[in-house]
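Secondary and tertiary structure notes
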Amino acid sequence: MTVESSAARKPRRTAAGKAGTSGETTGATGTKRTTRSAAGKGTGPELVQLLTPEGKRVKNAEYDAYVAGITPDELRGLYRDMVLTRRFDAEATALQRQGELGLWASLLGQEAAQIGSGRATREDDYVFPTYREHGVAWCRGVDPANLLGMFRGVNNGGWDPNSNNFHLYTIVIGSQTLHATGYAMGIAKDGADSAVIAYFGDGASSQGDVAESFTFSAVYNAPVVFFCQNNQWAISEPTERQTRVPLYQRAQGYGFPGVRVDGNDVLACLAVTKWALERARNGEGPTLVEAYTYRMGAHTTSDDPTRYRGDEERLAWEAKDPILRLRRYLEASNHTDEGFFAELEAESETLGRRVREAVRAMPDPDHFAIFENAYADGHALVDEERAQFAAYQASFAEEGGH
């Protein structure tokens, strides 16, 4: 995350950026390129890619400039971010299985999309997540242990959004895009040159809130980036049940650019998001970024993905693993050694242990908190429900006494 002084920032321009015409998207250089269907026969989806699954660097005239100055230390930092995020995520999944959390939404497989886009943000940018952006939270400096309080039921979000410019997790599907659009309109009126980024999934793209957000952000030229993590499945519904065209092409109908990026390529996600955020800060309006990735695990721990998708699909995506991809590049470029990986392995185990101990030290949820603050002056029906629930809880103690 780059922190810049106010003196180093450019003033916001008020002119709206020009959107591409039908069948075109506007790239980083301002040029237009023709797009193909996402399902072209034998070709696969067209997307921005800087690292192949084999870890080979691919040149891209439009986006190379946004990662041209990246150092070996910064590359190792991206790798570290992804490894530690995956380790934390695995620990949270295990804690749920052990009864320590009520639910967990895993990000397994989406580390590159989240770390790449998260590291593209500036300190004064504002992030509106869903409930799966654990990697973005890491980039914004939110303690991983604080993410788990809500899933344990001890709070409604364990951090102050204003301290990290990272909003609380949003459970209502798609609503955070409206919040982000309104916030972006506000900072534009304030004359700030910061930007807003809103995360959502392919399933949320079918929500009316998202369509309304696109409309308002386009009309008001709001400095917002819509970052859609297309992980191929909205619970058990595949992407083709959500849209008849590639998701990024939806931006054309609203009058702003859309770009599809390889969501398993951390460098490409970093570069494309930097470009989109720069557009926003320069007064060129919104951008839709579709990170084409895959949810390797279940939608949440209450889901069984084996009921709706086959093992061969997962195996094909495992070959595109974002962490292995960057590791291959680091090794081929002689940017690291075995000592780095060994130290990182030890650090990841320390993180897992710290998170586990922090969760187990959290207090049990207050079972009766749900009845508080429902009505300002109380209500007879709430009182009745509280009494019924108290009797239900007491029944367990009576059974234990026998």
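These figures come from a predicted structure and were not determined experimentally. (Residues numbered from 1 in each chain as written. Predicted model: local features only at pLDDT ≥ 70, side-chain atom pairs only at ≥ 80, totals over all residues. Heavy atoms only, no water.)

Considering the pairing of strand S4 (residues 196–201)
Burial analysis of S4 places 5 of its 6 residues in the buried class, which makes it a mostly covered element. Looking at chain direction, strand S3 (residues 126–128) and S4 are connected through 3 bridges and run parallel. The residue of S4 that forms the bridge with tyrosine 126 is valine 196. The pairing of S4 with strand S5 (residues 224–230) spans 6 bridges and is parallel. By the bridge assignment, valine 196 is partnered in S5 with valine 224. Handedness of the crossover joining S4 and S5 through helix H7 (residues 208–219): right-handed. (Buried < 20%, exposed > 50% of the residue type's maximum accessible area, 1.4 Å probe, protein only. Helix = DSSP H or I, 4+ residues; strand = E, 2+ residues; numbered from the N terminus. Pairing = 2+ DSSP bridges. Right-handed = clockwise from strand over helix to strand, strands pointing away.)

Topic: helix H1 (residues 72–97)
At 3.6 residues per turn, the α-helix brings residues three or four places apart onto the same side. Under the 1.5 Å per step criterion, the end-to-end length of H1 is 38 Å for 26 residues, consistent within 8% with the ideal 38 Å. One or two residues past the end of H1 sits glycine 99, with phi positive at roughly 85°. (Expected span 1.5 Å × (residues − 1).)

Comments concerning the pattern of salt bridges
The final tally for this structure, using the stated rule, is 26 salt bridges. Residue arginine 122 pairs with aspartate 193 through a salt bridge whose shortest N-O separation is 3.2 Å. Here the residue arginine 122 occupies a position in the loop between helix H2 (111–120) and S3, and aspartate 193 occupies one in the loop between helix H6 (175–190) and S4, the gap between them amounting to 71 residues. Across this residue pair, the class does not change: arginine 122 and aspartate 193 are buried. A salt bridge links aspartate 262 to arginine 325, with the shortest nitrogen-to-oxygen separation between them at 2.8 Å. With aspartate 262 in strand S8 (residues 258–262) and arginine 325 in helix H10 (residues 322–332), the pair connects residues that are 63 residues apart, well separated along the chain. Assessed through its relative accessible area of 1%, arginine 325 is described here as buried. One network of salt bridges, in which partners are shared, links Arg87, Glu91, Glu349 and Arg356. (Salt bridge = Lys/Arg side-chain N within 4 Å of Asp/Glu carboxyl O.)

Let's talk about helix H8 (residues 266–281)
Between its first and last C-alpha atoms H8 spans 22 Å; for 16 residues at 1.5 Å apiece the expected length is 22 Å, and the two agree. Burial within H8 is extensive, with 14 of its 16 residues counted as buried. Of the residues that open H8, the one with a side-chain oxygen 3.1 Å from the backbone nitrogen of leucine 267 is aspartate 265. Directly after H8, the chain includes glycine 283, whose backbone phi takes a positive value near 80°. (Polar contact = N/O pair within 3.5 Å; in protein donor to acceptor, adjacent residues only side chain to side chain.)

Some details on the packing of H6 against H7
Two elements in contact, H6 and H7, have axes separated by 7 Å at closest approach and are oriented at 15°. As summarised for this structure, H6 and H7 are arranged roughly parallel, according to the angle between their axes. By crossing handedness, the relation of H6 to H7 is classed as left-handed. Each of Ser175, Thr177, Leu178 and Thr181 in H6 lies in contact with H7, whose residues at this interface are Asp209, Val210, Glu212, Ser213, Phe216 and Ser217. Here the residues of the contact of H6 with H7 sort into 3 nonpolar, 5 polar and 2 charged. (Axes fitted to C-alpha atoms, helices over the stretch in contact; angles between N-to-C directions. Parallel < 35°, antiparallel > 145°, perpendicular 65-115°, else oblique. Left-handed = near helix turned anticlockwise from the far one by under 90°. Contact = heavy atoms within 4.5 Å. Nonpolar A, V, L, I, M, F, W, Y, C, P; charged D, E, K, R; others polar.)

Quick look at the confidence of the model for the protein chain
Here the protein chain averages 89 in pLDDT, while 88% of its residues score no lower than 70. The model gives residues 1–26 a pLDDT under 50, and that stretch makes 69 contacts with residues more than four places away or in other chains. Across residues 29–43, confidence stays below pLDDT 50; counting only partners more than four residues off in sequence or on other chains, it has 40 contacts. (pLDDT = per-residue confidence, 0-100.)

Concerning the nonpolar core
Core analysis: the biggest nonpolar cluster contains 66 residues, and Tyr79, Leu148 and Leu326 have the highest contact counts within it. Of the residues forming this core, the biggest block, 11 residues, is contributed by H8. In this structure tyrosine 79 touches Ile323, Leu326, Arg327, Leu330, Phe340, Phe341 and Leu344, once residues within four positions along its chain are discounted. Phe128, Cys228, Ala251 and Leu288 belong to the second-largest nonpolar core, a separate cluster that totals 20 residues. (Core = buried A, V, L, I, M, F, W, Y, C linked by side-chain atoms within 4.5 Å.)

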